[in-house]
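These are the residues of each chain, in order.
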Amino acid sequence: MARVFNFSAGPATLPQSVLERARDEMLEWNGVGASIVELSHRGPEFMEVAARAEADLRALLSIPDDYAVLFLAGGATTAQALIALNFAQPGQPADYVVSGHWGKTAIKQVAPYVDARIAATSEDNGFHDVPPPSTWTLTPDAAYVHYTANETIHGVEYREVPRVDGGTLIGDFSSSIASEPLDISRFGLIYAGAQKNLGPVGVTVLIIRRDLLEREGQPRAEILDYRAHVRGESMLNTPPTWNWYLAGLVFRWMLDEGGVEEFARRNGRKAALLYDAIDGSSGFYRNDVAAAARSRMNVPFFLHDEALNAEFLAESKAAGLLALKGHRVLGGMRASIYNAMPEAGVQALVDFMRDFARRRG
Ligand code: PMP
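Throughout this description, residue numbers start from 1 for each chain and increase along the sequence as written. At least 70 in pLDDT is required for a residue's local features to be given in this predicted model, at least 80 for side-chain atom pairs to be given and counted, and no such filter applies to totals for whole chains, interfaces and linings, which use all residues.

With respect to the overall build of the protein chain
Rule in force here: Counting from the N terminus, the helices are DSSP H or I runs at least four residues long and the strands are E runs at least two residues long. We take the radius of gyration over the C-alpha atoms and set the globule estimate at 2.2 Å times the residue count to the 0.38 power. Burial in this document is a count-based property: other C-beta atoms within 10 Å of a residue's C-beta are tallied, and the residue is buried at 20 or more, exposed at 12 or fewer, or partly exposed in between, with C-beta positions derived from the backbone.
Of regular secondary structure, the protein chain possesses nine helices and 14 strands. Compactness check: the protein chain gives a C-alpha radius of gyration of 21 Å against a globular reference of 21 Å for 361 residues, within 12% of the reference. Structurally, the protein chain occupies a C-alpha span of about 60 × 55 × 30 Å along its principal axes. Out of the 361 residues belonging to the protein chain, those deemed buried represent 46%.

Structural data, given as structure tokens:
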């Protein structure tokens, strides 16, 4: 059984060497006679795995010391809700920038807790661009400004960290974390579900500037309290140890490959290859996103004739190119090309697309 190139948006492809190591350690981890998932999260073995993962993530992302790192269950969606409970007073305004589907879900999650204001949205133009930060209408007493760095479905991305004039910036980096260097010190908080660039689904990473933890927030159970999670080192209850362990292997792999600078170079080359193939197809393929906002991670594209979609999907799958079907919100196709997608995978996709267009053009 050969592994294929997998363009899934998340859960997404993982580095083969990471999967091989996890396979090798599955029955017995590090000579202890049991797998790491069969051991207590509070035992010395998992504590070592957890500490190593955090240290490697800190090194990988150059996380400053005044930021806490959490590894929690619940996914990015739970984080979206808890951000409001932890960092806004009941009914306090909070600014939301909506550049695609996930910006909208973020508002849905906080609606019971804050007065969510839409500081800017590109919905009117079908999310084909991101609202420039210069056009954001910020509320002076907003608890924070939330934006989605990369919109996984609409394929639009902010390439610069927006300036928010002394406001607290919160970024959803679920689908672009670790894809290029990022100045974390510009943020109050960033969060990401692991299942795109960091590992398997099941663990969510939060990077929180410690002074935010002094905010009172709203009445909440201890398990919903980030301050308590920081104090408890992400072990208030049993954490998702397998996912944390696997994410740790991915962090080490990224460091060994040359870190985020190297991934930025690779990701730039991969995205250019794919967008050039789309733009150079004489209209056979189309991507509608404004050039400056095109995502390097998720590339939605459409065939000029939708009647060819089923054939495109069947033939690409037969050619070893998996999961190119677009999200149901947009239709068409989508290629997710995260860090773990090798350049050879994008080359194979582009070769297939050119061949398909030649045969059906
Ligand atoms: N934000 C973004 C940008 C996403 O891509 C996703 C998932 N695709 C989510 C939030 C929701 O993440 P989860 O399913 O982990 O809750």
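Thoughts on the site of the ligand
Using the following cut-off: Whether a residue is near a molecule or strand depends on its C-beta atom, placed from the backbone, lying within 6 Å of it. Just so you know the grouping, Ala, Val, Leu, Ile, Met, Phe, Trp, Tyr, Cys and Pro go in nonpolar, Asp, Glu, Lys and Arg go in charged, and all remaining residues, Gly too, go in polar.
The environment of the ligand is made up of Gly10, Gly75, Ala76, Thr77, Trp102, Thr148, Thr152, Asp172, Ser174, Ser175 and Gly193. At three residues, the largest contribution of residues to the shell around the ligand is made by helix H3 (residues 75–87). When its residues are assigned to classes, the shell around the ligand shows two nonpolar, eight polar and one charged.

Things to note about the domain arrangement of the protein chain
Spelled out, the test is: Where each domain starts and ends comes from a domain assignment, either automatic or drawn from a database. Residues are defined as contacting one another if the C-beta atoms placed from their backbone atoms lie within 7 Å.
If you check the domain split of the protein chain, you get domain 1 (17–256) and domain 2 (259–360). For domain 1 versus domain 2, the separation of C-alpha centres amounts to 27 Å. Between domain 1 and domain 2, the residue contacts involve 23 residues of the former and 22 residues of the latter. For the side of domain 1 that touches domain 2, the secondary-structure elements that each account for two or more residues are helix H2 (44–61), strand S7 (156–157) and helix H6 (241–256). A class-by-class count of the residues in the side of domain 1 that touches domain 2 yields nine nonpolar, ten polar and four charged.

A closer look at the UniProt feature "modified residue: N6-(pyridoxal phosphate)lysine" (unreviewed entry) in the protein chain
To be explicit about the condition: UniProt positions are given in the numbering used here, feature names are shortened, and annotations may be inferred rather than shown by experiment.
Here, UniProt's "modified residue: N6-(pyridoxal phosphate)lysine" (unreviewed entry) annotation points to Lys196. With respect to the element layout, Lys196 can be found in the loop between strand S9 (189–193) and strand S10 (204–209). Note on Lys196: 30 C-beta atoms within 10 Å, which makes it buried. Setting aside residues no more than four positions away along its own chain, Lys196 makes contact with Gly10, Ala12, Ser174, Ser175 and Tyr338.

Focus: helix H4 (residues 101–110)
Condition: What the arc describes is the spread of directions from the helix axis to the C-beta atoms.
Looking at H4, one finds that the buried residues are Trp102, Gly103, Ala106 and Val110. Take H4 and look down its axis: the buried residues cluster within an arc of 105 degrees, on one side only. On its buried face, H4 is in contact with H3, strand S3 (93–98), strand S4 (115–121), strand S5 (145–148), strand S6 (150–151) and strand S8 (169–172).

Structural notes on the pairing of S3
What counts here: Whether a crossover is right-handed depends on one test, that the path from the first strand over the helix to the second runs clockwise when the strands point away from the viewer. A pair of strands is considered paired only if DSSP assigns at least 2 bridges between the two.
In terms of burial, S3 is largely enclosed, as five of its six residues are buried. One crossover worth recording links S3 to the parallel S4 by way of H4, and it is right-handed. For S3 and S5, the ladder comprises two bridges, and the chain directions are parallel. Considered in S5, the bridge of Asp95 is made with Val145.

A word on H6
An α-helix turns once per 3.6 residues; consequently, residues spaced three or four apart project the same way. Condition: The span one expects for a helix is its residue count, reduced by one, times 1.5 Å.
Across its 16 residues, H6 extends 23 Å between first and last C-alpha, which sits within 8% of the 22 Å expected from 1.5 Å per residue. When H6 is considered as a whole, its buried residues turn out to be Thr241, Asn243, Trp244, Tyr245, Leu246, Ala247, Gly248, Leu249, Val250, Phe251 and Met254. At its buried positions, H6 is contacted by helix H1 (16–25), H2, strand S2 (67–72) and helix H7 (259–279). Backbone geometry just downstream of H6 places Gly258 in the positive-phi region, at approximately 120 degrees.

Examining the sheet that holds S2
Selection criterion: For helices, the fitted line uses only the C-alpha atoms of the stretch in contact; every axis is such a line through C-alpha atoms, and the angle between N-to-C directions lies from 0 to 180 degrees.
Strand order across the open sheet formed by seven strands is S2-S10-S9-S8-S5-S3-S4, with mixed pairing between neighbours. Two strands lie at the open edges of the sheet, namely S2 and S4, each paired on one side alone. Neighbour to neighbour, the strand axes of the sheet diverge by 20 degrees on average, direction disregarded. Where H4 meets the sheet, its contacts fall on S3, S4, S5 and S8, and the angle it forms with S3 comes to roughly 160 degrees.

Looking at the pairing of S9
Counting buried positions over the five residues of S9 gives five, a clear majority of the element. Along S9, one buried face is formed by Leu189, Tyr191 and Gly193 and the opposite face, lined by Ile190 and Ala192, is buried too. As paired strands, S9 and S10 are joined by five bridges and run antiparallel to one another. If you follow Ile190 over to S10, its bridge partner there is Ile207.

Quick look at the sheet that holds strand S11 (residues 285–286)
Spatially, three strands are ordered S11-S12-S14 in an open sheet, and the strand pairing comes out antiparallel. Where the open sheet ends on each side, the last strands, each with one partner, are S11 and strand S14 (333–336). As paired elements, S11 and strand S12 (residues 298–303) share two bridges and run antiparallel to each other. Among the inter-strand pairings, Tyr285 is bridged to a residue of S12, identified as Leu303. In the packing of H7 onto the sheet, the strands contacted are S11, S12 and S14, and the crossing angle to S12 comes to about 15 degrees.

Focus: the environment of Val329
With respect to the secondary-structure elements, Val329 resides in the loop between strand S13 (321–322) and S14. With residues up to four places along the chain from it excluded, the contact list for Val329 reads His101 and Ile153.

Focus on the confidence of the model for the protein chain
Our working rule: Every residue gets a pLDDT, meaning the predictor's confidence in that residue, from 0 to 100.
Across the protein chain, the average pLDDT comes to 97, with 100% of residues at or above 70. The ipTM assigned to the predicted complex is 0.99, against a pTM of 0.98.

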